[in-house]
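Results of the structural survey
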Amino acid sequence: MLKKIFIQIIIIILIYGLYGKLGVKLEIPSYNYGFNYAIIAYTVLCLFFCLINKSLIGNRTPKGLYFFAVIGALTAFISINNQGDILKSLCCVVVPLISFQLGSICAALNSGHINDKYIPSLYWGIAIMLIVCMSQMLKSPDFLMLHRDFTFIIIFFLPFLFISENKFIAFILAICLVALVFISVKRSLIIAVTLFSISYYGIGIYFNKNISNKRKIIFTISILAILIIVTSYYSNSVYGEQLDQRLSKLEEDGGSGRDAIYAQAYDKIIQSDIIELLFGHGYNTVQKDMGIPSHNELLEIGYDFGILSLLAWISVLLSLINRGILLIRKKKYYAAALFLSSFIFWQLIAETNNTIVSPEYSALVFLFFGLIDRASYYGKRIPKGVYYNRTV
């Protein structure tokens, strides 16, 4: 019971950090009071909780996460800009590790089952943020034109809705999330959500022998298709262009100038001296040196934290891919669908935007991977999710 309460405190602190980040995106100062300290508090409490419960973590944590944390910590002290940057840098490199382990502990405490028993506050967080966003939309007709980036805050909750035991509430929240993404016309998020749906439901249709379940999957896909059509017309009234026109501009504008940003960031990495090349320039220095984020996770890590950290991070990605493939080989199709579709979803966002300098995002991503991975390791039964059988 005490462990469950402690986990809820940690999750609530994380949600407050995300809520504050939402306030920054919406330019509402009253929403982001003290949120910079929330992720530090989350890191400290989560690290403490993982240390005192290390027997529950098991040996499932990717080794690359340890290397990334250690090398990144060296970078924080080698490339000192100011004391605040040291703390932010440490949070960036430690949060993926401890969040994965927190997810493992939640699954272990729940005997390998995945439901909202140990993370119910996450769903309250989703609902509150959706209400805030929708209320702002109703207040101001120009809201979406001015604050489209708010969708990055809430979209990382999406995979968690697929493991909720309350299917009706989860379905409603998922529809609201997806609708906001398409209405915002953020192209990278639209592509990420689309491929998440295709990969998740594609595995379901391919491996599921139950005709009834296949019909449910097709019904869900039809709802998504209708949603896309409706939001496309809405975006036309708000932005003066259809959704397909917005997506077709990717090649023309180089992904909003991302190709030029990538080239500039790559050149700066190549021009670094040997210490900077190995250990990086320090936290968020791409934006400080270039005046704009790299919009690419690998380039950001290579420049901020160095090539050694980048190699450790690539090993983490390869480890996650390997685990997803092993789930398919072991015929744990529901877990494989969740794991691989979430990985594709996260990487499309990360490699076109960048999540590593915002540990609030990394916390949600690796908390989810830790949950699924440990539940699969237990081999226990987990909730049906969306139209799958109950076996992991």
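First, a word on what this report is: a plain description of the structure on this page. Just so it is clear, the structure is predicted and the values come from calculations on it, not from any experiment.

The next point concerns the overall build of the protein. For the protein, the count of helices and strands is 19 helices and zero strands. When the accessible surface of the protein is split by element, carbon and sulfur atoms take 65% of a total near 17000 Å².

As enumerated under the stated definition, the model contains 20 aromatic pairs in all. Between W313 and F366, the aromatic rings sit 5.8 Å apart at their centres with planes inclined by 65°, giving edge-to-face as the arrangement. Note that W313 is positioned in helix α17 (residues 307–329) and F366 in helix α19 (residues 359–378), a separation of 53 residues in sequence. As far as burial versus exposure is concerned, W313 and F366 are alike and both buried. Taken together through their ring pairs, the aromatic side chains of F68, F160, F305, W313, F339, F343, W346, F366, F368 and F369 make up a single cluster. For K21, the ring lying beneath its charged end belongs to Y361, and the centroid distance is 5.9 Å.

A few words now on the pattern of salt bridges. Enumeration over the complete set of coordinates arrives at two salt bridges. With its nearest N and O atoms 3.0 Å apart, the salt bridge here joins R60 to D373. With R60 in the loop between α3 (54–57) and α4 (63–78) and D373 in helix α19, this pair connects stretches of sequence that are 313 residues apart. As a salt-bridge pair, R323 and D373 come within 3.0 Å of each other at their nearest N and O atoms. Of this pair, R323 sits in helix α17 while D373 sits in helix α19; the two residues are 50 residues apart in sequence, bridging distant segments of the chain.

Interhelical geometry of α4 versus α17 gives an angle of 160° and a closest axis separation of 8 Å. The angle between the axes of α4 and α17 places the two elements in the roughly antiparallel class. Considering how the two elements wind past one another, α4 and α17 form a crossing that is left-handed. Contacts from G64, L65, F67, F68, I71, G72 and T75 of α4 reach α17 at L308, S309, A312, W313, S315 and V316.

This part is about the environment of F343. Mapping F343 onto the fold places it in helix α18 (residues 333–350). Placed 147 residues apart in sequence, F343 and F196 show a C-alpha to C-alpha distance of 8.6 Å. When neighbours within four sequence positions are excluded, F343 is seen to be in contact with L317, L320, I321 and F369.

Right, let's get into the side chain of S99. The residue S99 is located in helix α5 (residues 83–109) in this model. Judged by relative accessible area, which is 0%, S99 ranks as buried. Residues within four places of S99 in sequence aside, it is in contact with Y42, C46, A363, F366 and L367.

Comment: phi is negative for the bulk of residues other than glycine, and the bulk of peptide bonds are trans. A positive phi angle is found at H295, which is not glycine, with a value near 60°. Within the element layout of this structure, H295 appears in the loop between α15 (285–290) and α16 (297–304). On the basis of relative accessibility, which here comes to 17%, the residue H295 falls in the buried class. Of note in the backbone geometry, K331 takes a positive phi value of approximately 65° without being a glycine. Relative to the elements of secondary structure, K331 occurs in the loop between α17 and α18.

Attention now moves to the environment of I131. Relative to the elements of secondary structure, I131 occurs in helix α6 (residues 120–139). Taking C-alpha positions, I131 is 9.9 Å from C176, a pair spaced 45 residues apart along the chain.

A few words on empty space enclosed by the protein. The method is simple in principle: a probe with the dimensions of a water molecule rolls over the atoms, and the space it marks as empty is what remains. A full pass over the atoms with the stated rule returns two cavities of 30 Å³ or more. What the largest cavity holds in volume is close to 90 Å³. Forming the walls of the largest cavity are F156, P159, F160, S342, F345, W346, L364, V365, F368 and F369. For the lining of the largest cavity, the secondary-structure elements that each account for two or more residues are α18 and α19. Looking at which element gives the most residues to the lining of the largest cavity, the answer is α19, with four residues. Looking at side-chain class alone, the lining of the largest cavity contains nine nonpolar, one polar and no charged residues.

Criteria and thresholds
Residues numbered from 1 in each chain as written. Predicted model: local features only at pLDDT ≥ 70, side-chain atom pairs only at ≥ 80, totals over all residues. Heavy atoms only, no water. Helix = DSSP H or I, 4+ residues; strand = E, 2+ residues; numbered from the N terminus. Areas by Shrake-Rupley, 256 points an atom, 1.4 Å probe, with all protein chains shown as cover. Phe/Tyr/Trp six-rings, centres within 6.5 Å; stacked < 30°, edge-to-face > 60°. Buried < 20%, exposed > 50% of the residue type's maximum accessible area, 1.4 Å probe, protein only. Lys NZ or Arg CZ within 6 Å of the ring centre and 35° of its normal. Salt bridge = Lys/Arg side-chain N within 4 Å of Asp/Glu carboxyl O. Axes fitted to C-alpha atoms, helices over the stretch in contact; angles between N-to-C directions. Parallel < 35°, antiparallel > 145°, perpendicular 65-115°, else oblique. Left-handed = near helix turned anticlockwise from the far one by under 90°. Contact = heavy atoms within 4.5 Å. 1 Å grid on protein atoms, 1.4 Å probe; cavity = no way out; pocket = protein on both sides within 12 Å on 5 of 7 lines; lining within 4 Å. Points joined across faces, edges and corners; volume = space filled by probe spheres on them. Nonpolar A, V, L, I, M, F, W, Y, C, P; charged D, E, K, R; others polar.

Such coordinate-based values are descriptive only and should not be taken to indicate function.
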